[in-house]
Amino acid sequence: NNNSRQQDQSTRNCGGAALAALASALHNSGGRATLITTRRPNHGLGGLRDREGNQPQPQRVQYALAGQAQQQRSRVSKKSNPYQRAPDEQRLFIPLQRLVKPTKGLPQNIFGVDAECNDGRAGLFYRELGERCARQRICIDIVVTSSLVNMSSTSSSPAPSSMNVGPRSVHPNPREFLDVATLAELCRATCGDFKWLRAGNECGVKVGNGNNDNGVSFTGEQLREELKRSALAYSGSDAVFKLRCSHGVQVKSYSPTLPVGTLIGDGIVNSAELELSNLNSSTSVAVLLEHKLGGVQDTRGGGRKGIDSPMVFFQAATLYTTLTGRRRVRVSTLGLVTTKVPSAVYRSADLGTVAAIMTRQAISDLDDPNEGSLHNAQSKVFQKCVSILANYRLHTTAKSSPVGQLILPESLQLLPLFCLSLRKSRLFRNSSVPFKAPFPTADERAYHIFYGRMISPNMSLQCVHPNLFRVSDMRMRDGEWITPPALETNGISGDEQVTASSMRPVCQLPKSLNPSIACLDEEEMYLLDDRFAFYLFIGKGVPEEKWRELLSVSTATGAQRVDGQWVNNVPMGELSIASTEAGHKLRNILEQLRRLNSPNDALAMNLRPSYAPLVLIFVGRGSVYEEEMDSLLVDDPVGREKSYVDFLCDVHKAVREESTTEF
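Bear in mind that the values here come from a model prediction, so they are computed numbers and not experimental data.

Asker: Can you help me understand the packing of helix 6 (residues 180–189) against helix 12 (residues 442–452) in this one?
Answerer: Each pair of packed helices can be described by the angle between their axes along with the distance between the axes. Relative to each other, helix 6 and helix 12 sit at 15°, their axes nearing to 8 Å. Relative to helix 12, helix 6 is oriented roughly parallel. Here the hand of the crossing between helix 6 and helix 12 comes out right-handed. Note on element contacts: helix 12 touches helix 6 through Asp-443, Ala-446, Tyr-447 and Phe-450, opposite Val-180, Ala-181, Ala-184, Cys-187 and Arg-188. Here the residues of the contact of helix 6 with helix 12 are counted per class, giving seven nonpolar, no polar and two charged.

Asker: I keep staring at the sheet that holds strand 22 (residues 534–538) and nothing clicks. Help me out?
Answerer: In sheet architecture, strand pairing relies on hydrogen bonds along the backbone and comes in two forms, parallel and antiparallel. Taken together, six strands build an open sheet; the order of strands is 9-28-22-21-17-20 and the sheet is mixed. Edge positions in the sheet fall to strand 9 (204–205) and strand 20 (512–513), since each of these pairs with one other strand and no more. Where strand 21 (residues 525–529) and strand 22 come together, five bridges link them in antiparallel fashion. Paired with Tyr-526 across the bridge in strand 22 is Phe-537. Sitting on the sheet, helix 16 (residues 581–595) touches strand 17 (467–470), strand 21, strand 22 and strand 28 (614–618), and the angle it makes with strand 21 is about 15°.

Asker: Before we go on, may I ask you to explain the pairing of strand 15 (residues 311–321) in this structure?
Answerer: When a strand is regular, its side chains alternate between the sheet's two faces. Sheet topology places strand 10 (residues 235–245) next to strand 15; seven bridges connect them, and they run antiparallel. The residue bridging Cys-245 from the neighbouring strand is Phe-314, located in strand 15. Count of turn residues in the strand 15/strand 16 (residues 327–337) antiparallel hairpin: five residues, of which Gly-325 carries a positive phi of about 90°.

Asker: Looking at this model, I keep getting lost on helix 16. Mind explaining?
Answerer: In an α-helix there are 3.6 residues to a turn, and that puts residues three or four apart on one side. A rise of 1.5 Å per residue sets the reference length of helix 16, with its 15 residues, at 21 Å; its end C-alpha atoms lie 21 Å apart and thus fit the reference within 8%. Counted residue by residue, helix 16 has 11 buried out of 15 residues, so it is predominantly covered. Positive phi shows up at Leu-596, right after helix 16, with a value of about 55°.

Asker: What is the right way to look at the nonpolar core in this model?
Answerer: Ile-142, Phe-194 and Phe-428 are the most contacted members of the largest nonpolar core, which has 92 residues in total. Residue contributions to this core peak at eight residues, all from helix 10 (residues 374–395). In this structure Phe-428 touches Ala-362, Ile-363, Leu-366, Leu-374, Ala-377, Gln-378, Leu-422, Arg-423 and Arg-445, once residues within four positions along its chain are discounted. Among the nonpolar cores identified, the runner-up in size contains 26 residues, and Val-207, Phe-469, Leu-575 and Leu-616 belong to it.

Asker: Mind showing me how you'd approach the pattern of salt bridges here?
Answerer: Oppositely charged side chains are able to pair whenever their charged atoms sit close together. What the rule picks out here adds up to 33 salt bridges. For Glu-185, the salt bridge goes to Arg-98, with nearest N and O atoms at 3.6 Å. A residue pair is termed long-range when its members are at least 10 positions apart, and Glu-185 in helix 6 and Arg-98 in helix 4 (residues 96–99) qualify at 87 residues. In this structure Arg-98 comes out as buried when scored by relative accessible area, which is 18%. Across the pair Asp-365 and Lys-380 runs a salt bridge whose closest N-O atoms are separated by 3.8 Å. In this pair, Asp-365 is assigned in helix 9 (residues 351–367) and Lys-380 in helix 10, connecting sequence segments 15 residues apart. Judged by its relative accessible area of 15%, Asp-365 is buried.

Asker: Help me understand the side chain of Glu-628 in this model?
Answerer: Relative to the elements of secondary structure, Glu-628 occurs in helix 18 (residues 626–631). At 2.6 Å, the side chain of Glu-628 and the side chain of Arg-198 are in polar contact. A polar contact of 3.1 Å, which involves the side chain of Glu-628, links it to the side chain of Arg-426.

Asker: Explanation requested: the confidence of the model for the chain in the structure shown.
Answerer: Detailed reading of the predicted coordinates is not advisable wherever pLDDT falls low. Scored by pLDDT, the chain has a mean of 79; 76% of the residues are at 70 or more. Note on residues 55–79: pLDDT under 50 across the span, and 53 contacts to partners over four residues away in sequence or across chains. Counting contacts from residues 103–111, a segment whose pLDDT is below 50, to residues more than four positions away or on other chains yields 16 contacts.

Asker: What exactly am I supposed to notice about the packing of aromatic side chains here?
Answerer: The relative placement of two aromatic rings is captured by the distance of their centres and the angle of their planes. By the definition in use, this model includes 12 aromatic pairs. Aromatic pair Phe-382 and Phe-647: ring centres 5.8 Å apart, planes at 75°, arrangement edge-to-face. You can see Phe-382 sitting in helix 10 and its partner Phe-647 sitting in helix 19 (residues 644–662), a full 265 residues away along the chain. We classify Phe-647 as buried; its relative accessible area is 4%. Ring centres 6.2 Å apart and planes at 65° place the aromatic pair Tyr-451 and Phe-532 in the edge-to-face group.

Asker: How should a nonpolar patch on the surface be read in this particular structure?
Answerer: Where nonpolar side chains cluster on the molecular surface, the patch consists of Leu-319, Val-329 and Val-331 and spans about 240 Å² of accessible area. In this fold, Leu-319 is placed in strand 15. On the basis of relative accessible area, Leu-319 is assigned to the partly exposed category, the value being 30%.

Asker: Would you mind going over the environment of His-375 with me for this structure?
Answerer: Structurally, His-375 is set in helix 10. Considering only alpha carbons, one finds His-375 and Phe-428, 53 residues apart in sequence, at a separation of 8.0 Å.

Asker: Whenever I open this one, the environment of Tyr-254 confuses me. Can you help?
Answerer: Tracing the backbone through its elements, the reader meets Tyr-254 in strand 11 (residues 249–255). It is 9.9 Å that separates the C-alpha atoms of Tyr-254 and Glu-273, two residues lying 19 residues apart in sequence. Sequence-distant contacts of Tyr-254, that is, excluding residues within four places in its chain, are made with Phe-241, Pro-259, Leu-263, Ala-272, Glu-273, Leu-274, Val-285, Ala-286 and Val-287. A distance of 2.8 Å separates a polar atom in the side chain of Tyr-254 from the backbone oxygen of Ala-272.

Asker: What should I look at first to understand the sheet that holds strand 8 (residues 194–197) in this one?
Answerer: With parallel pairing, three strands are arranged side by side in an open sheet as 1-6-8. Edge positions in the sheet fall to strand 1 (31–37) and strand 8, since each has one partner strand and no second. Going across the sheet, the axis of each strand differs from the next one's by a mean of 15°, ignoring polarity. The pairing of strand 6 (residues 138–145) with strand 8 spans four bridges and is classified as parallel. When the sheet's bridge partners are listed, Val-144 is paired in strand 8 with Trp-196.

Asker: How should I be thinking about unusual backbone geometry in this particular structure?
Answerer: Of all residues except glycine, most have a negative phi; of all peptide bonds, most are trans. Each neighbour pair has its own omega, and for Ser-255 with Pro-256 the value is 0°, a cis peptide bond. Even without being glycine, Arg-137 reaches a positive phi, approximately 60°. Residue placement: Arg-137 occurs in the loop between helix 5 (118–135) and strand 6. In this structure, Asp-238 is a non-glycine residue whose phi angle is positive, near 50°. One can find Asp-238 in strand 10.

The rules we used
- Residues numbered from 1 in each chain as written.
- Predicted model: local features only at pLDDT ≥ 70, side-chain atom pairs only at ≥ 80, totals over all residues.
- Heavy atoms only, no water.
- Axes fitted to C-alpha atoms, helices over the stretch in contact; angles between N-to-C directions.
- Helix = DSSP H or I, 4+ residues; strand = E, 2+ residues; numbered from the N terminus.
- Parallel < 35°, antiparallel > 145°, perpendicular 65-115°, else oblique.
- Left-handed = near helix turned anticlockwise from the far one by under 90°.
- Contact = heavy atoms within 4.5 Å.
- Nonpolar A, V, L, I, M, F, W, Y, C, P; charged D, E, K, R; others polar.
- Pairing = 2+ DSSP bridges.
- Expected span 1.5 Å × (residues − 1).
- Buried < 20%, exposed > 50% of the residue type's maximum accessible area, 1.4 Å probe, protein only.
- Core = buried A, V, L, I, M, F, W, Y, C linked by side-chain atoms within 4.5 Å.
- Salt bridge = Lys/Arg side-chain N within 4 Å of Asp/Glu carboxyl O.
- Polar contact = N/O pair within 3.5 Å; in protein donor to acceptor, adjacent residues only side chain to side chain.
- pLDDT = per-residue confidence, 0-100.
- Phe/Tyr/Trp six-rings, centres within 6.5 Å; stacked < 30°, edge-to-face > 60°.
- Patch = residues over 30% accessible without salt bridge, like charges linked within 9 Å, V, L, I, M, F, W, Y side chains within 5 Å.
- Areas by Shrake-Rupley, 256 points an atom, 1.4 Å probe, with all protein chains shown as cover.

Structure, rendered in structure tokens:
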């Protein structure tokens with residue numbers, strides 16, 4: 001009894017009280033607060049129970065999901081699996097702050113949870129804390145380094161303090177429920193960041209900078225990089241954003257309907273203002289526009305008929321406070337030419353912007369209190385894709401093309417691929433697959449929904465469609481830095497100096513492959529980048545001397561080999577990129593992928609949602625992330641979703657039906 005009591009006390013976390021103390025400390029000055037924790041707050045003020053685990057629900061639960069408002073008074077069986085029913089799963093990734101929202105017609109009850117139960121009290125606490133911090137211009141960041149559940153007494157899996165490399169298996173224990181949805185909602189309301197260091201020491205590879213850094217573990221490296229991102233990013237505080245439009249156009253709404261920050265105003269007379277406690281180079285605001293009664297005014301006084309079309313103007317203004325305490329206004333004005341030719345609209349469409357808007361709208365569909373569900377969000381993504389392509393066929397020169405041919409706009413060639421990848425992504429894919437563990441879990445889905453709300457055009461496609469590279473047997477210059485010729489030329493002057501100053505050496509990336517199982521060879525090594533993590537995929541038939549060219553395994557603590565087999569466990573955090581030619585190339589490739597196409601390191605630091613770790617996957621050795629990487633191969637059938645070829649057939653069939661109906 002004493003041992004169990006001590007174990008229970010060691011797992012208690014008073015994170016809710018710590019957040020309240022941080023908010024009180026910044027009450028007068030405002031500012032930024034960071035909570036670093038290893039588990040969800042589960043004790044005292046703001047304690048969150050394990051909604052996913054085998055715990056009985058409260059006796060009295062009132063919820064309204066997918067358009068249903070019903071009362072459940074019976075206890076749920078302890079053996080029930082919440083992922084077997086869509087409404088039960090949906091409750092896990094909906095923040096408690098929204099589950100306690102009052103519902104029309106039920107003045108004495110709470111939307112989702114009874115106010116007298118633990119969930120109701122916790123939801124009210126975090127909702128009021130978020131509102132108070134937003135008013136006081138306090139930004140809250142939460143960094144979670146996942147702890148492993150100790151299953152040593154009930155399972156034969158290896159202890160969480162060790163792992164096996166090479167021929168042996170990698171079996172970390174199950175991770176505990178964090179309630180990412182509730183904690184991330186607090187960060188959203190206060191314009192903060194939620195960082196989840198999901199990959200632990202049991203499967204991570206230290207990247208480093210090529211120097212000896214034996215004092216820092218893999219998790220320590222992640223934590224250091226995440227804190228550097230927050231500390232070094234150019235940011236502003238106490239910001240207000242407003243968009244003004246010229247006659248004929250007006251702001252319909254922000255996207256998603258619950259954007260980062262707080263909306264001020266109803267938007268009926270003028271567009272609503274967006275108040276932000278914090279903003280930086282990664283802050284992205286999406287606005288939906290609509291035509292206004294009266295139409296667009298001709299600002300050119302007629303002009304040449306058919307050539308000088310009327311223009312519309314947009315002015316975005318952001319008022320914010322710099323790090324030095326100065327108030328600044330940043331104004332951007334944009335003028336666009338209008339057109340009556342639909343083909344011109346499709347020709348000027350930007351795929352990244354279309355993808356970002358579709359992602360945010362799909363999250364709004366998921367948030368709908370009446371009809372929100374994963375199935376409805378997936379269906380609307382498909383319907384919007386079909387609507388865009390059907391209108392292109394009906395109102396452009398594509399209407400003269402053969403009916404049996406799927407015609408895609410030149411600028412939206414990848415739209416069907418994006419829509420399929422979005423349906424298969426961890427945002428909207430089905431978690432329940434027979435004979436497999438749920439993927440994604442409610443925490444993983446809530447984490448991706450949090451970043452999906454603020455997705456930018458340059459990340460919208462990459463976050464749902466991973467890039468796959470082969471890192472074994474690379475070409476001669478793969479992984480090497482290449483200097484643009486303009487930088488090597490002496491005596492540049494004039495405009496060429498401006499061009500040269502914007503250039504920088506680039507690393508040549510390996511040949512990219514389609515993310516499909518058909519492109520993988522069990523005797524090769526691959527790198528998969530989904531913008532949240534890098535997965536180093538080592539095939540089953542790769543000999544040890546080959547993967548040892550990329551990875552360094554420390555043997556300082558007694559890891560030994562007998563007949564070429566590893567017999568002792570390698571300590572956590574002892575895997576790193578080797579100091580070999582292949583290892584240096586891999587490190588250069590990772591650095592280039594982190595930069596993307598950013599012109600400087602300051603902007604590159606915040607392009608990705610978080611610091612992407614390097615996760616090791618040994619195929620066929622029981623790696624915990626092996627099934628996850630298989631699920632990221634989105635060109636293949638995943639769960640109940642079809643392959644890309646079959647999806648194109650469905651899109652083509654739906655476009656033909658809609659086009660025929662219009663005629």
